[in-house]
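Single-letter residue listing:
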Amino acid sequence: MGLISSIKIAKRALTRRKTKNFSAILAIALGVTLMVGIQITTDTLENAFLTSLLIREGEVDIRFSNGTGGFLSAADESNISALVPDALAIMSELQSSGPAMIGSQFEPSVSMAGIPLDYNEAFGNFYDWDTGEVMDISTYLADNSSVLLSSSLAEDMDINKSTELPINLTTEFTSITIVPKLNESTGFPILNETTGFPILELQITEERVILSITEIFDSRRPGIGASYRGVLFSLDAYQDWMSLQDPLRNKDIIGAYLITYQTDHFSTPIDETVLQEKFDALEERLPVKMVNDQEVNVYAIDSSRLLYIGLIDLIFGLMSSFLNVLGLLIIITGILLITNVQLMSVEDREFQTGVLRAVGEKRGGIFRSMLFETLFQGIFGGIFGLVGGLIFGQLVALYLVSLFGSGSASVQPLVKESVVIFSVIVGVILGMLTGLLPALRASRVNIVEALRGIKITFEEKSSRNLAFIGVLLSFLGIFFFLNNGIINRNLQYIWLTSGWDNISEWENILLGAGFLFTGLGIVLSRYISRTKAFNLTSIVLWGTPVFMFVVAMGSGWITDMSGSSLNILIIAIIEIVIGSVMLVGMNLPYIMRFLRSTLIKIPGVKGVAQVAPALISSHKTRSTLTFAIFAVVLTLNVTVASLVATNIDSTVGQSEEDSRGIDLYVQLSDPEYNLANTSYTTELYRIDSAITDVIGMKTFKPGSTDYTRYVATKNPFSPDFNPQSNLLPLGFGELRSDQILGDAQNATDDEDWRFDFYMYNLPDGVRPTSIDLGASDEVLLDQSKRAWDKFFDPEYRMTAYNITLDLENFDISNFGGFTASTLEEVDPILDINGSEVQYPIVFTDSFLLPLGMPIWIPFNTSQFGFPVYQPFTIGGSFDSDRAGGWPLSRSMQTEGFSSGSFSGTLGTVYFPERFSSYTDFFGMADELSPDKREPDQFDTYLIKTTYPFDSPAIEDVAQSIEDFTNTKDSGYRKLIGDEFMVATATSLYSKLEASLEMMEQMTNFLQIYVNFGLIIGAVGMAVISVRNVAERKREIGMMRAIGFPRYQVMTAALLELMVLGFIGLIIGVVNGLFVNVGFSNMLDVPVVIPWGTIGAYLSFITFIGLLAGAIPGWVASRIPAAEALRYVG
Amino acid sequence: MFHSNDSEVILKIEGLHKRYNEGKSNEVHALRGIDLEVKKGDMMAIMGPSGCGKTTLLNMIGHLDKNSGGEIHISKIDTNKLSDGQQTAFRRDNIGFIFQLFNLFPFLSAVENVETPLLLQGYNSGIAREQAKMLLRDLGMGDRLYHSPMELSGGQQQRVAVARALITDPAIILGDEPTGDLDSTTSAEVITLFRRINKMNKQTFVLVTHNRWIAEKCDYIVHMIDGKISNMEMGPFKEEK
Ligand SMILES: Nc1ncnc2c1ncn2[C@@H]1O[C@H](COP(=O)(O)OP(=O)(O)OP(=O)(O)O)[C@@H](O)[C@H]1O
Ligand SMILES: [Mg+2]
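About the criteria used
- Residues numbered from 1 in each chain as written.
- Chains lettered and ligands numbered in written order.
- Predicted model: local features only at pLDDT ≥ 70, side-chain atom pairs only at ≥ 80, totals over all residues.
- Heavy atoms only, no water.
- Helix = DSSP H or I, 4+ residues; strand = E, 2+ residues; numbered from the N terminus.
- Buried < 20%, exposed > 50% of the residue type's maximum accessible area, 1.4 Å probe, protein only.
- Contact = heavy atoms within 4.5 Å.
- Areas by Shrake-Rupley, 256 points an atom, 1.4 Å probe, with all protein chains shown as cover.
- Pairing = 2+ DSSP bridges.
- Buried area = accessible area lost by both parts, 1.4 Å probe.
- Salt bridge = Lys/Arg side-chain N within 4 Å of Asp/Glu carboxyl O.
- Polar contact = N/O pair within 3.5 Å; in protein donor to acceptor, adjacent residues only side chain to side chain.
- Nonpolar A, V, L, I, M, F, W, Y, C, P; charged D, E, K, R; others polar.
- pLDDT = per-residue confidence, 0-100.
- Axes fitted to C-alpha atoms, helices over the stretch in contact; angles between N-to-C directions.
- Near = heavy atom within 4 Å.

1. Overview of the overall build of chain A
And then number 1: For chain A, the helix and strand inventory stands at 30 helices and 27 strands.
And then number 2: Put simply, chain A has 1129 residues, and 56% of those count as buried.
And then number 3: When contacts within chain A are restricted to residue pairs at least 6 apart in sequence, long-range pairs at least 24 apart make up 80% of them.
And then number 4: About 46,400 Å² of surface is accessible on chain A, with carbon and sulfur atoms providing 58% of the total.

Listed below in structure tokens is the structure:
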């Protein structure tokens, strides 16, 4: 037969067997929807993060600033232009920040910038917030008191589009003048005794200025406006104001020169590798000058764009790989579905093939006609799936807008062509392969057997080829086992107890056991029954990770949790899923026998009991695939659901204990005033008698362009120091022993400590050699106290370890807060004499800083504008997993990424008080600094009250503190005579709630993600059910003929699906819980079982089973028996 | 009436019609007024050219499909008047079916196939199993109890089907070419079995067959053409045992 007739046969087959074709198409469509949808979601999420950051950079690729601090001048423009001949445009900019008051709204720190009115149009346009039209900013910035406001700030300031313009904005500029020093009693200038000239001194005042906001530009829209989120001046105007800081009133000051290499970065992103190359090359070419016999760069360059891309990789890395694992498993569900539906066609195809062969059709012809049929199914399935995936992606993107939405422009569904093409092709090929392979196989079978409907049995023993693969797999497994100790010498042999005590060893144990026993199963099945052989395999596959989660982690065998905990989770989940599905699948007949013997006792369903379980076990592979769909999806769902519950519950439950008595904290927008008779602390005690303790502290956060105050993660004087990747904008905090210890002397002092919170990583000398996950709270607190003793001990030094942090090559597996460190596997840094390098220690709440790493903190600024760096060793980190842990941290959870404050996100470094006098930021080093502070001038206050931790009365206290501080002309403002002071009082409980909310949002997203799999699984079930019933028409006719009442026919169809659904559910719940036990053991939090959610899944499965089984069953039971009997497939 | 005998009438059909696709352009008038009486213990054969309505007639008797007019009385009950549920129960208790092909549930073993009708009647599963085993042993299938249909020969499958039809001790057994798929030796075995049961239990058999030789084993033969009964041949035929 020729091509035409093959097509004809295919066409006839397609039109005649509508249900079957429809179900095949639907299955492929669903599978492809999953693949496309999941990919789009993951990509979109990552893109949303990135664009929400990049949009702030506008069109700027690289910034030039003064290499030694201070300003640049107009004269630098030509030099810089010459350095970047390939730049498209260059623009000058002057940025700083200050307070702003609009109406009654006050913002302590608003970014202010001046840009030239004739800036190059390559940097983009400003758009009117109201009309959306392009703005010519020069018409609005006529003089030095006219400014533009960004829409982001406008929204924060409660200004809306209908607010009448212009409106006033009050701010302050620092003014420094040189005045003769006056004799306090006479009022005359004091003269220098030798020269006879008056002694001069600097007078520093804050000049209050009223500016006029003439227009508001849209800062959420890509363009130059997006990079200015505060107040915008003309460059000349801002130079005027800033020059007040200079006693000489020099106005030729430029903060930075901005370089762009192209236009429209938002729609056509710049190639980051090209940019990186340009950046690196430029760095080599930077001119140098000599300062103090040291070579320093005249210019400093940075590229936030590159930094953001690096950071996004880092922050998104964990999230992304988690999503990818989920996505992978969900995609497996799709594959299961396609395979399942196509497998149903096998018997079908065999009969068809038999008939065709009997009437003389050649193999080639049969193959061709089936090829057309599956091709048709594949292509249509692929197209529908693509559409479904796109719709899904769109919906998720909408959800993401509400989740991260800092501007709708920043979240667009990202559809990568390659991903779409790949998914569709995979779906189509999969559909065709799973449809064609059995057919091909059928075309080779005996015609007579095919006609008689003899099933191809899958029970045959393994072939020799398969056994060979089994041997290979076994060797692979042994290789993984040997990896411990023999190949990788850092790990211990498996036959030693110490070979079972860390995560990396377990990774090899899991992989080794998995491969070895899969191989063994295959080999053994040649000699013993396949069921027995694979029972062994599946028990090991399932049992090993469960054992690890429950026993090894639960009873503290695994003492070292460092290493890739994510890998272990992934491997364990995959093994658990495969093992459990295989185990149940292999023993399905036994389970069904049990089911039958139970049901057959119930009057009215005896007929059902006779057929439904038998049907399930007669199609073992198919049934297994069916429940596997739910097993996989539900394992994920239950894992996610119980992870959330575990986290949330442990957070709430432990938070009171963890907060160590702190109920709320207050942050001032500026350090408190140095008042003669009182202090802010004293005032706080007066506000409410319930306040029992106020711990004042000093903190500091560097501005976004204030590189001289960034922490260096490499020695800044070493030749390979790279400001691009070795500087971090971390916050600083000063800790005094009276704040922590109170009246206690040291760790052994039984006196109540004032604020003895939990430490996570501990310094040398305190840290136990192995980490005991089951350690009690008392033990942990005791360790923490001993850590504090080291912290405040001026003699104590800790070895610096050879750990580097490179933003560009950040290793996510060392993710700070994720694993406790023993520092066993890293070497100390040695000096040229071979002795260990030791520094004083700092503590941190930043997840970026691993224990033992050396860092360099910029202290007081030298006369050349160059910071003096003091090296420290990271001696410990606060336990940020313990709710209250460190009330000042956890900003990442509450602020998220949309606030754009990286120092908030990246955390803070805390050093002991004895270093404070060397810093500018705490104000004592440099008497000239406008930040000058007295030892007790605090900005942050931790407060204990008599109320319980979660009492609403604490909110009232917080409110009275804010009222006291923030009310015009009264309270604290009246005391200090300054309206520019704002307090934010936050109760720890509300902070907790906020972080729980953020967590819930994230997990809601994860839920949606995994529920998508559940829904597809449910639809898949319906498809399978329709298919089942359609195919069993003849049996149904026979059932009716021998006296099955309609309801039993329906119940049989229903039961089959329900049973498979429930098996899936049970496997899913059990697996999910085990994974969760493991996860909570890893994080050392109690397990919480989300019975509510599990109940919801139960009802969902029941509902789906009822619907998916009952409808086709009902339809089938309505078909006249005579007609059903005539059905031959 | 084609047949008269003084013993009790078990099946009485009057003016039975069946139209497929009624009112549509492809309407088929498959039965055009069938009148028939079968007495208890009769063994009747139906013969006729392909497409003349034999299968349709059996389906009407068993109420596997709705008829388009006429009356069917089985054991004096007007079965047309019963609801679908009642018809099913009636069929379960009074009628046994044996078909030509794919007669058994492929996913159940021989004994399970046979016991199913008893389970439907509400029997305890242990008792049902014992009865099914006994009947299969009687039919010479004692050593094939737990085989699946696919592991049985055509004749063996048919014997299991017979057992399933007989297990509830129905008054009437309807067979649509029960030997159609079998070779002559096996066919002979099956028809001999029918005869034996018929003699022993006084059960009524209505068998559709194309095989004259089989038909002649029956008491009489009804010939159908074009949806009508054309004539009837009375036995006994030559070598009846
Ligand atoms: N479900 C149906 N729809 C439409 N027409 C039908 C249907 N079933 C049977 N027929 C038609 O009714 C007529 C009688 O069919 P029936 O199956 O009773 O014939 P038969 O005598 O059993 O033939 P055979 O000896 O070939 O089995 C035929 O013409 C057939 O085409
Ligand atoms: Mg027929």
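2. Looking at the overall build of chain B
And then number 1: Secondary structure assignment for chain B yields seven helices and 10 strands.
And then number 2: Looking at chain B as a whole, 55% of its 241 residues qualify as buried.
And then number 3: Considering only contacts in chain B between residues 6 or more positions apart, those separated by 24 or more positions represent 68%.
And then number 4: Accessible surface computed for chain B: about 10,100 Å², of which carbon and sulfur atoms make up 49%.

3. A look at the pairing of strand β15 (residues 691-700) of chain A
All names here are of chain A.
And then number 1: Across the 10 residues that make up β15, a large majority, eight, are buried.
And then number 2: As judged from the six bridges shared by β15 and strand β26 (residues 940-945), these two strands associate in the antiparallel manner. Each bridged residue has a counterpart across the sheet, and for Ile 691 the counterpart in β26 is Thr 945.
And then number 3: Where β15 lies against strand β18 (residues 731-735), three bridges are found, and the strand directions are antiparallel. Across the sheet, the residue bridging to Phe 700 is Phe 732, located in β18.

4. Considering the interface of chain A and chain B
And then number 1: Contact residues are listed per partner, giving 29 residues for chain A and 32 residues for chain B.
And then number 2: In total, about 2,600 Å² of surface goes out of reach between chain A and chain B, with carbon and sulfur atoms giving 65% of it.
And then number 3: In this structure, Arg 1046 of chain A and Asp 84 of chain B form a salt bridge, with 3.2 Å as the shortest nitrogen-oxygen distance.
And then number 4: Connecting chain A to chain B are 11 residue pairs in polar contact (both at pLDDT 80 or more).
And then number 5: Mapped by element, the contributors of at least two residues to the side of chain A that touches chain B are α16 (606-618), α27 (1033-1041), α28 (1046-1083) and α30 (1121-1126) of chain A.
And then number 6: With seven residues, the top contributor of residues to the side of chain A that touches chain B is α16 of chain A.
And then number 7: Here the residues of the side of chain A that touches chain B sort into 15 nonpolar, six polar and eight charged.

5. Structural notes on the pairing of strand β9 (residues 231-234) of chain A
All names here are of chain A.
And then number 1: Burial along β9 is two-sided: Val 231 and Phe 233 facing one way and Leu 232 and Ser 234 facing the other are all buried.
And then number 2: Relative to β9, strand β3 (residues 105-115) runs parallel, the two sharing four bridges. In the sheet register, Ile 115 faces β9, and the bridge partner there is Ser 234.
And then number 3: Bridging between strand β6 (residues 146-150) and β9 involves two bridges; their strand directions are antiparallel. Bridge assignment links Leu 149 to a residue of β9, and that residue is Val 231.

6. Overview of the confidence of the model for chain B
Residue and element names in this part refer to chain B.
And then number 1: For chain B, per-residue confidence averages 86 on the pLDDT scale, and 95% of positions sit at 70 or higher.
And then number 2: Low pLDDT (under 50) marks residues 1-5, which in the prediction has 14 contacts with non-local residues, meaning those over four places away or in another chain.
And then number 3: On the interface metric, ipTM, the complex scores 0.86, and its pTM is 0.68.

7. Description of unusual backbone geometry
And then number 1: Between Leu 165 of chain A and Pro 166 of chain A the backbone carries a cis peptide bond, its omega angle lying at -5°.
And then number 2: Locating Pro 166 of chain A in the fold gives a position in the loop between α4 (151-156) and β7 (167-180).
And then number 3: Residues other than glycine seldom take positive phi values, yet Ser 75 of chain B does so here, at roughly 45°.
And then number 4: Positionally, Ser 75 of chain B belongs in the loop between β4 (69-74) and β5 (77-78).
And then number 5: Phi is positive for Glu 177 of chain B, which is not a glycine, with a value near 45°.
And then number 6: As for its placement among the helices and strands, Glu 177 of chain B is situated in the loop between β7 (172-176) and α6 (184-201).

8. Comments concerning the pattern of salt bridges
And then number 1: Scanning all chains against the criterion turns up 31 salt bridges over all chains.
And then number 2: The partner of Lys 251 of chain A in a salt bridge is Asp 240 of chain A, and the shortest N-O contact between them spans 2.8 Å. Taken together, the residues Lys 251 of chain A in the loop between α5 (235-242) and β10 (256-260) and Asp 240 of chain A in helix α5 connect sequence positions 11 residues apart.
And then number 3: Using a relative accessible area of 43% as the deciding quantity, one classes Lys 251 of chain A as partly exposed.
And then number 4: In this structure, Arg 144 of chain B engages Asp 143 of chain B in a salt bridge whose closest nitrogen and oxygen atoms are separated by 3.4 Å.
And then number 5: One continuous salt-bridge network, built from bridges that share partners, spans Asp 693, Arg 736, Asp 738, Arg 754 and Asp 936 of chain A.

9. As for the sheet that holds strand β2 (residues 28-39) of chain B
Residue and element names in this part refer to chain B.
And then number 1: Spatial ordering of the open sheet is given by β2-β1-β4-β5, a layout of four strands whose pairing is antiparallel. The outermost strands of the open sheet, each flanked by one partner alone, are β2 and β5.
And then number 2: The pairing of strand β1 (residues 9-20) with β2 spans nine bridges and is antiparallel. Residue pairing across strands places Val 9 opposite Lys 39, the latter belonging to β2.
And then number 3: Strands β1, β2 and β4 of the sheet are contacted by helix α1 (residues 54-61), whose axis makes an angle of about 120° with β1.

10. Description of the side chain of Glu 172 of chain A
All names here are of chain A.
And then number 1: Within the element layout of this structure, Glu 172 appears in strand β7.
And then number 2: Within the local environment of Glu 172, its side chain forms a polar contact with the side chain of Arg 208, the two groups lying 2.7 Å apart.
And then number 3: Residue contacts for Glu 172: discarding those within four places in its chain leaves Pro 99, Glu 206, Glu 207, Arg 208, Asp 978 and Phe 980.

11. Remarks on the site of ligand 1
All names here are of chain B.
And then number 1: Around ligand 1, a shell composed of 14 residues is seen, among which Ser 50, Gly 51, Lys 54, Thr 55 and Thr 56 lie nearest.
And then number 2: Ser 50 is positioned such that a nitrogen or oxygen atom in its side chain is 2.4 Å from an oxygen atom of ligand 1.
And then number 3: Relative to its unbound accessible area of 630 Å², ligand 1 is 72% covered by the protein chains.
And then number 4: When residues of the shell around ligand 1 are assigned to their parent elements, the largest contribution, three residues, is made by α1.
And then number 5: Taken together, the residues of the shell around ligand 1 break down into four nonpolar, seven polar and three charged.

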